[in-house]
Structures are given as structure tokens and as C-alpha cells.
Amino acid sequence: MHGTMSTTEVFLIALLIIFSIPYLVWRIARIDYYVPLVVMQIIGGVVLGPGVIGAAFPDYYSFVFRPEVVAALNGIAWWGVMIFVWIAGLELDLRHAWRHRYETGVTSGLALMVPLVLGCVAALVLLSLDDGWRGPLGEDWQVVLGIGMACAVTALPILVLFLEKLAILREPLGQRILRYASLDDIAIWGVLALILLDWDRIGRQAMFIMAFVAAAWLVRRVVPRLAERDRWYGALVWLAACGFAADWCGLHFMVGAFLAGAVLDAEWFDRERMDLFRDHVLLAVMPVFFLSTGLKTQWDVGGIAVFGAAALLLIASVGGKLLGLWCAGRVLKWRKGEATLIGWLLQTKALIMIIFANILLDRQIISPESFTALLLMAIASTMLSIPLAAPKLRLLMADPGAAREPAEANRHR
């Protein structure tokens, strides 16, 4: 029977598995409070991959996830995640952040730097114990900075979903949290560009920067003059062009996708349609990316070692983020409980951190074992976010001053 099935039929079997099994487990188990669907889909990708069910049933794995099927799935995953990163760049509101630059700068800086430093220390510990955490093309500084940055990442799109779930997305507190995460989002892609800097292609990368600046200037003048329907189509053309150019010059198509969105203004697109577009991509395309991510997990250095590394990285990530926000709260004189609440909400790492780690793995900077440890850390930190933030939010919202922005002196300083 296996020999009589076409590649198309096996591809559709793979899609059936991808879309049905994680969703059914999530619904039947009723774990949506602790495990968002996107996290369940990521876990499903890991379980369905070579390290778990694939190891127990190798015939199933080799039949369903044959190379041509995986290649087709990867194509869908690449385009879906490019669109998702483009939306994340588009939704950045730097003007709002500038109006609250002192408070936003202090908070974002501490929320990023403290877990980054602790993550780098954790990476140094791992490399000192076993060189297998380094990819074949990774330099020490790239591995350390990459893992450290992965510990500092906040997944802005998942944070938006969590803030909607908690009913504070459009509230002053929710908008503050988005500001803090937005600046860190820019830093993530800046650090990634630094890590991927290729001296053999430095000429191409300089050409990309110059061409991008000129093209972005032109796009910003053309897009507002288009009808909104044409803006959407033109934006996707712009996204594909930026992704190609960034990949051609030795950076990565995800860097290009983020830049393609960051230079556009969100008000050029209808907000409701943008929210629906993001939700539809998350529903119809991103599960394929999560599955393809799970197919990259490896346990060759031993399951205990991978889980131990994930635990170390989780401590650095969670502890660093909470410590950074505690310091920010002390400097800015926040109310009691605010720093802890914001710290737990900024733990959401699934998706953006996984994209970040995927790029490091694709460029062979980190090993598959490092990628697996980072993936486990991202799942755990994201699962902790809502259960630990929700009770603190209820206490904070009971305070009559919960809806206000930080102190006037801090806002305009």
C-alpha cells in the first residue's frame, strides 16, 4: 500500500496528522488555560517528530515524513512564518514608544539585558561541559550570544494573544506591556543580523542595506496612495522581495520579513482586517511551521542532558526576566505587583524564539541538541505565563489606579 501512494496523498496524510492530533488532544484534555493552542501545536510537532513517536515507530516516520513531503511542508512553513514576522514588524508603534521613551527605554533595556547576560552565562557553562552544543559553523561568540538572546526574547504575537485572553490588550496596562516587548523585538532582529554577519559577503550586505533604504523610501511614498485592497497585495510582493534580498546577501529571509513590516505604518491597513489576517495565518498555515520545527529536534547527546540544558536555560530566562522587571519597577516606582505581573507576561517565548532558534540551526551556529533544549525552554516558559500572571492581574486590577499610566514624572522625563 505504501508503494501505491503518491507524494500528494502522503502530503495530505501529513496535513491530516498536523491539524487533527494536536487540536483533538488540546480540546479533549481541556488544557487551554495552561497550554495555548499554539504551544500544543509546538508540543505536537516535537512528539510527532523523530525523537519521540518517530523513534518508537520508525516505519511511520519514514513513510509519512519522506524527504519530498518534508520539502513541501517546509515551503508552506517558510511563507507562513514570513507573513507572521512581517505582521509583527508592521504592528510596531515606535512613535508611541518615543512618547514614553524614558519609561519604555528603562524597562525594555532591563527586561532584555538581564536575561541576555544570564543566558550567555548559561551558554558558557554548556560549552564548557560539552562541545556538542555548538553547530559545525558556529563560533563561540555566536553560540553564546545566540543562546543568550534566545533567553531574552519575548514573542510579541503570542503576547498579543495572551493580552486578548486576559482582556487587557486595549487597556493602558496592556499597551504599556506591548511597548516594552516591541523595543525588545527590534533588538532581537538587530542581534540576529550581527550574529549572521558574513565577512565573505560583506559587500552584498552593504548593497542590501543601501538598496533597502532606497526601496523603503519609495515604498513609503507609494503604498499610502494605493487603494487598501492593492496595499495588501503590494505588501506581500514587498515582503517576498525583502525576504529574497536579505537571504541573498547572507542574512536570512526572516530578517528581511521583519524589516519589510517595520518600515510600513499599521494605520495604512484596517486594524480589524489585520487582526483577522493574523488569526487566519495562525489557524491555517502556522501549524505546519510548528510541525516542521518538531521534525528538527534531536536527542543525540542524551535525553537527560537535553532536559538538563533546558532547565538551566529556563532558570536563566525566567529568573533574568523577573529580575530585570523588578529592577525597572524599583527605578520607575511602580505599584506593588506590577513588575512581577509584567515579568510573567513577558515570558512568552514560543514562536519568535523558535523562529530565532530555527535560523541559528539553519545556519549551523547551534547544534540540533541546543535547538531542542531551547525549544523545550520556550514551551515551558510560555506555559508558565498565563497561570502565574492571571492571579496577579486580578489583584492588581482591584486597585482603583490600575488603569493609569506610570507616574507623570516618569512618562515625560
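Residues numbered from 1 in each chain as written. Predicted model: local features only at pLDDT ≥ 70, side-chain atom pairs only at ≥ 80, totals over all residues. Heavy atoms only, no water.

A. Highlighting a nonpolar patch on the surface. Taken together, Met113, Val117, Val121, Val125, Leu129 and Leu312 make up a surface patch of nonpolar side chains, about 510 Å² in accessible area. With 5 residues, helix 7 (residues 101–129) is the single largest residue contributor to the nonpolar patch. Residue placement: Val125 occurs in helix 7. (Patch = residues over 30% accessible without salt bridge, like charges linked within 9 Å, V, L, I, M, F, W, Y side chains within 5 Å. Areas by Shrake-Rupley, 256 points an atom, 1.4 Å probe, with all protein chains shown as cover. Salt bridge = Lys/Arg side-chain N within 4 Å of Asp/Glu carboxyl O. Helix = DSSP H or I, 4+ residues; strand = E, 2+ residues; numbered from the N terminus.)

B. Focus on the packing of aromatic side chains. Scanning all chains against the criterion turns up 11 aromatic pairs. Each ring, one from Trp232 and one from Phe269, has its centre 5.1 Å from the other, and the planes form 70 degrees; the classification is edge-to-face. Remark: Phe269 occurs in the loop between helix 13 (253–262) and helix 14 (271–284) and Trp232 occurs in helix 12 (residues 228–248); sequence separation between them is 37 residues. The class of Trp232 is buried, set by a relative accessible area of 12%. For Phe269, a relative accessible area of 4% gives the class buried. Three or more aromatic residues joined by ring pairs make a cluster, and in this case those are Trp86, Trp232, Phe269 and Phe277. The lysine or arginine in question, Arg176, covers the ring of Trp334, its NZ or CZ lying 5.2 Å from the ring centre. (Phe/Tyr/Trp six-rings, centres within 6.5 Å; stacked < 30°, edge-to-face > 60°. Buried < 20%, exposed > 50% of the residue type's maximum accessible area, 1.4 Å probe, protein only. Lys NZ or Arg CZ within 6 Å of the ring centre and 35° of its normal.)

C. Expanded view of the confidence of the model for the chain. In the predicted model, the chain carries a mean pLDDT of 85, and the fraction of residues at 70 or more is 93%. Considering each helix and strand of the chain separately, the mean pLDDT is smallest for helix 20 (residues 408–411), with a value of 44, and largest for helix 8 (residues 140–152), with 93. (pLDDT = per-residue confidence, 0-100.)

D. Molecular detail of the side chain of Arg176. Along the chain, the position of Arg176 falls in helix 10 (residues 172–195). Among the polar contacts listed, one links the side chain of Arg176 to the side chain of Tyr180, at a separation of 3.0 Å. (Polar contact = N/O pair within 3.5 Å; in protein donor to acceptor, adjacent residues only side chain to side chain.)

E. A look at unusual backbone geometry. Even without being glycine, Lys333 reaches a positive phi, approximately 60 degrees. In this fold, Lys333 is placed in the loop between helix 16 (303–332) and helix 17 (338–345). We note that Gln364 has phi near 60 degrees; this positive angle belongs to a residue other than glycine. Within the fold, Gln364 resides in the loop between helix 18 (352–362) and helix 19 (368–397). Classification of Gln364 by relative accessible area gives partly exposed; the value is 36%.

F. How the structure looks around the state of the cysteines. Enumeration according to the criterion identifies 0 disulfides in this entry. For the unlinked cysteine Cys120, the closest cysteine sulfur is that of Cys151, found at 8.2 Å. Summary of cysteine pairing: Cys327 is not part of a disulfide, and the nearest cysteine sulfur, belonging to Cys120, is at 17 Å. Residue class for Cys327 comes out partly exposed when judged on its relative accessible area of 23%. (Disulfide = S-S within 2.5 Å.)

G. Quick peek at the nonpolar core. Counting residues in each nonpolar core, the largest one holds 145 residues, and the members touching the most others are Leu264 and Ile355. No other element matches helix 19, which puts 13 residues into this core. Those residues in contact with Ile355, other than ones at most four positions away along the chain, are Val81, Val85, Trp189, Met254 and Phe289. (Core = buried A, V, L, I, M, F, W, Y, C linked by side-chain atoms within 4.5 Å. Contact = heavy atoms within 4.5 Å.)

H. Quick peek at the packing of helix 5 (residues 67–90) against helix 12. Where helix 5 meets helix 12, the closest approach of the two axes is 11 Å, and the angle between their N-to-C directions is 110 degrees. Put simply, helix 5 runs roughly perpendicular to helix 12. Contacts between helix 5 and helix 12 pair Trp79, Met82, Ile83 and Trp86 from the former with Ala235, Leu236, Leu239, Ala240 and Gly243 from the latter. Of the residues in the contact of helix 5 with helix 12, the class split is 8 nonpolar, 1 polar and no charged. (Axes fitted to C-alpha atoms, helices over the stretch in contact; angles between N-to-C directions. Parallel < 35°, antiparallel > 145°, perpendicular 65-115°, else oblique. Nonpolar A, V, L, I, M, F, W, Y, C, P; charged D, E, K, R; others polar.)

I. Summary view of the side chain of Gln347. Structurally, Gln347 is set in the loop between helix 17 and helix 18. Among residues more than four places away in sequence, those in contact with Gln347 are Ser317, Val318, Lys321, Leu322, Ser381 and Thr382.

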